[in-house]
Amino acid sequence: MRRSSRIGCIALLAMTLGINGCSQVPEFSRVAGPSAALNYLVQRQHHILVVGDSTTAGTTFGGHGYTNWVNVVATDLAAEGRSAAFARVASGGSGYLTSSIDDGATFFSGVRRNAGPDTDLIVAFGSNNDMEAPGDLRDAVRRVIELAQQRSPRTAIILVAPIWIRSPQPPASHDRMTRILATVAEEYDLEYHDPTQERWLADTSGYLGEDGIHPNDEGHRILANRMGDVIGRRLDRLEADQA
């Protein structure tokens, strides 16, 4: 998605959200919850990198600041006392094939600049910008996955297809793109979600921003509920592996 977007990297401390620059590898900061002091001693903090487009960055039509779905997920996890730190690298126009309208970033460059040995989970969400983009989408997705595995050998990776809320039925190019994402996820044995097929925002009229393209604040809340479940289950597995 290409309109009214920004690139952001978030670090949360003691339930307070702050936006930091992402020109360098971000310092993951602790998300403190009610029992954070104890959790910090007995449970290693989870580092989570989210790369995406304007749906993840937020726009003037929804998802700025505290209402952004990533911020909501991070805050909800903190309220549960879970030790997690998020870095969000997202910008309008960004995708596997397409470059950000802000700084030329792609999903590949977002992972290259921000993933590291301590990254536990990488979520790639999007991108509708790739629907008509020239190039080999399958190869571009593979490159991002293989880079992530190289930079963070023990990381879990979740692919989330771009959500379509502009009309009741997505175009054929969107369906082709999501089929490619699903196929590559299966090829690498990765967790995959298609929010459109899973009807995360089934009633689009209530969740669509005034531009008719991006989710509004309520849409971000629904995305946060869904993605919170996805990320929470993955953290459960990570914690079980560490036990």
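Residues numbered from 1 in each chain as written. Predicted model: local features only at pLDDT ≥ 70, side-chain atom pairs only at ≥ 80, totals over all residues. Heavy atoms only, no water.

Considering helix 5 (residues 137-151)
- Over its 15 residues, helix 5 extends 21 Å from the first C-alpha to the last, a length consistent with the 21 Å expected when each residue adds 1.5 Å.
- Regarding helix 5, the residues found buried are Leu137, Ala140, Val141, Val144, Ile145, Leu147 and Ala148. When helix 5 is viewed along its axis, its buried side chains cluster within an angular range of 160° and face the same direction.
- Close packing links the buried residues of helix 5 with helix 4 (107-114), strand 5 (121-125), strand 6 (156-160) and helix 6 (172-187). (Helix = DSSP H or I, 4+ residues; strand = E, 2+ residues; numbered from the N terminus. Expected span 1.5 Å × (residues − 1). Buried < 20%, exposed > 50% of the residue type's maximum accessible area, 1.4 Å probe, protein only. Arc of directions from axis to C-beta. Contact = heavy atoms within 4.5 Å.)

As for the pattern of salt bridges
- Applying the stated criterion across every chain yields a total of 6 salt bridges.
- Between arginine 142 and glutamate 187 there is a salt bridge, with the nearest N and O atoms lying 3.1 Å from each other. With arginine 142 in helix 5 and glutamate 187 in helix 6, the pair connects residues that are 45 residues apart, well separated along the chain.
- Using a relative accessible area of 26% as the deciding quantity, one classes arginine 142 as partly exposed.
- Of the charged contacts in the structure, one is a salt bridge between arginine 234 and glutamate 191, with a shortest N-O distance of 3.0 Å. Here the residue arginine 234 occupies a position in helix 8 (residues 217-242), and glutamate 191 occupies one in strand 7 (residues 191-193), the gap between them amounting to 43 residues. (Salt bridge = Lys/Arg side-chain N within 4 Å of Asp/Glu carboxyl O.)

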